[in-house]
Amino acid sequence: VLSTQIQAMAPVMKSREIPWMTGGTAVKNTQLGVPGMFRLRASDAITAAGMTNFAVKDKKGKKVAILHASDAFGTGGADQTVMNLEKMGMKPVANEQYPKDAKDFTAEILKIKQSGADIVLMYIQNPSDTALILKQIHSLGLNIPSVGSPSLGNQTAMETAGKDANGAYAAVDFVVGFNSNVATHFLTSFYRKFHHNPDVGTGSGWVYDSAYMLADIYKKQRSTDPKQTIASLKGVKKWDGVLGTFNADAEGNMVHSVSIGQVQDAKLHLVKKVSG
């Protein structure tokens, strides 16, 4: 699930030709030379591009700030965001990193406030961090739009942040809106069984899709042979899942779009879908 874990495991997995279905989004994950690695979510390249384009083109941000965690996810996403801003002829007015296990983000938020930023892009792995940051942003009077990575759209994070999350935007795997038939079936079946909606946008969607994709491949090839399965996964084209249409590229990336949603009363509402 986490890029930090995936990068730690990669040296061992390089010598093992078995299918490895992953959800870590750091761009470098699929560039580590692991033969059986596949990513079932949008990479940070797509997510960061979607967030940056939305901040600058849709929200008309002219002074963009970045706030990110110090882990592989946060630093990788921040680097991608800087790169996308440079493509637009811009530089972040602030690029603040906070340390692992931080609970007080006052110093970073005040630096962003002092920079004169008119919008902040947040690349954060842990939903608990996101909830605290949203609360502290409001308590410190940083009254500018926030656009966050998937953790901002996590159900628990939105509920914990409460009214402090209202109006914030999140780039996530999936937002209920224009659903495919596969997504509609999953949502309704899940609700019937568990009596609440799945947190598709920040977790369960890609896991469900990876299991069913493997099942489809095993049925078609009438085998679970690892090498044969890797070859079949590399050939995936136009496979319909909960998150959309999957197409494998040369690196093993399967998903090439991300949804932008806005938070209101602990619910995420679809604003637009961005392809990369």
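Residues numbered from 1 in each chain as written. Predicted model: local features only at pLDDT ≥ 70, side-chain atom pairs only at ≥ 80, totals over all residues. Heavy atoms only, no water.

The next thing to look at is the pairing of strand E11 (residues 267–275). Bridging between strand E10 (residues 257–264) and E11 involves 8 bridges; their strand directions are antiparallel. The residue bridging Val-263 from the neighbouring strand is Leu-268, located in E11. Between E10 and E11, which pair antiparallel one after the other, the connecting turn spans 2 residues, and Asp-265 there sits at a positive phi close to 55 degrees. (Pairing = 2+ DSSP bridges. Helix = DSSP H or I, 4+ residues; strand = E, 2+ residues; numbered from the N terminus.)

Bringing unusual backbone geometry into the picture now. Look at Asp-265: it is not a glycine, yet its phi comes out positive at around 55 degrees. By the secondary structure assignment, Asp-265 is in the loop between E10 and E11. Backbone geometry at Ala-266 places phi at a positive 65 degrees, although glycine is not the residue there. You can see Ala-266 is positioned in the loop between E10 and E11. Judged by relative accessible area, Ala-266 falls into the buried class, the value being 18%. (Buried < 20%, exposed > 50% of the residue type's maximum accessible area, 1.4 Å probe, protein only.)

As a further point, take the pattern of salt bridges. A pair can form between side chains of opposite charge whenever their charged atoms are brought close. On inspection of all chains with the given rule, the structure shows 6 salt bridges. Between Lys-272 and Asp-58 there is a salt bridge, and its shortest N-O distance comes to 3.3 Å. With Lys-272 in strand E11 and Asp-58 in helix H2 (residues 44–58), the pair connects residues that are 214 residues apart, well separated along the chain. Residue classification places Asp-58 among the partly exposed positions, given a relative accessible area of 37%. When salt bridges that share partners are traced, they join Lys-135, Lys-163 and Asp-164 into one network. (Salt bridge = Lys/Arg side-chain N within 4 Å of Asp/Glu carboxyl O.)

One open sheet accounts for 7 strands, arranged E4-E3-E5-E6-E7-E10-E11; its pairing is mixed. If you trace the sheet from one side to the other, it starts and ends with strand E4 (94–98) and E11, each paired once. Along the sheet, successive strands turn relative to each other by an average axial angle of 20 degrees, direction set aside. Sheet analysis places strand E5 (residues 119–123) next to strand E6 (residues 146–148), joined by 3 bridges and oriented parallel. (Axes fitted to C-alpha atoms, helices over the stretch in contact; angles between N-to-C directions.)

This paragraph deals with the packing of helix H8 (residues 204–221) against helix H9 (residues 226–234). Two elements in contact, H8 and H9, have axes separated by 10 Å at closest approach and are oriented at 115 degrees. Between H8 and H9, the crossing angle belongs to the class labelled roughly perpendicular. Here H8 and H9 pass one another in a crossing that is right-handed. Touching Met-213, Leu-214, Ile-217, Tyr-218 and Gln-221 of H8 are Gln-228, Thr-229, Ser-232 and Leu-233, all from H9. The residue inventory of the contact of H8 with H9, partitioned by class, reads 5 nonpolar, 4 polar and no charged. (Parallel < 35°, antiparallel > 145°, perpendicular 65-115°, else oblique. Left-handed = near helix turned anticlockwise from the far one by under 90°. Contact = heavy atoms within 4.5 Å. Nonpolar A, V, L, I, M, F, W, Y, C, P; charged D, E, K, R; others polar.)

Looking only at H9, the buried set comprises Thr-229, Ile-230 and Leu-233. Down the axis, H9 shows its buried residues gathered within 100 degrees of arc, on one side only. Opposite its buried face, H9 presents the exposed residues Lys-227 and Ala-231, each directed more than 90 degrees away. Against strand E1 (20–22), strand E2 (37–39) and H8 lie the buried residues of H9. Two or three places before Lys-227, at the opening of H9, Asp-225 has a side-chain oxygen 3.4 Å from that residue's backbone nitrogen. (Arc of directions from axis to C-beta. Polar contact = N/O pair within 3.5 Å; in protein donor to acceptor, adjacent residues only side chain to side chain.)

A word on H8. The first and last C-alpha atoms of H8 sit 26 Å apart over 18 residues, in line with the 26 Å expected at 1.5 Å per residue. Looking only at H8, the buried set comprises Gly-205, Trp-206, Asp-209, Ser-210, Met-213, Leu-214, Ile-217 and Gln-221. Considered in projection along H8, the buried side chains sweep an arc of 155 degrees and stay on one side of the axis. Packing partners of the buried residues in H8 comprise E1, H9, strand E8 (239–241) and strand E9 (244–246). (Expected span 1.5 Å × (residues − 1).)

For Gln-114, the location among the structural elements is in helix H4 (residues 106–114). Judged by relative accessible area, Gln-114 falls into the exposed class, the value being 66%.

Residues Leu-40, Met-213, Leu-233, Val-236, Phe-246 and Met-254 are the most contacted members of the largest nonpolar core, which totals 46 residues. Tallying contributions element by element places H2 first for this core, with 6 residues. Phe-246 has contacts with Leu-40, Asp-209, Met-213, Val-236, Lys-237, Lys-238, Trp-239, Gly-241, Met-254 and Val-255, leaving out every residue within four places of it along the chain. By size, the runner-up hydrophobic cluster in this structure holds 30 residues, among which are Ala-69, Ile-124, Leu-134 and Ala-266. (Core = buried A, V, L, I, M, F, W, Y, C linked by side-chain atoms within 4.5 Å.)

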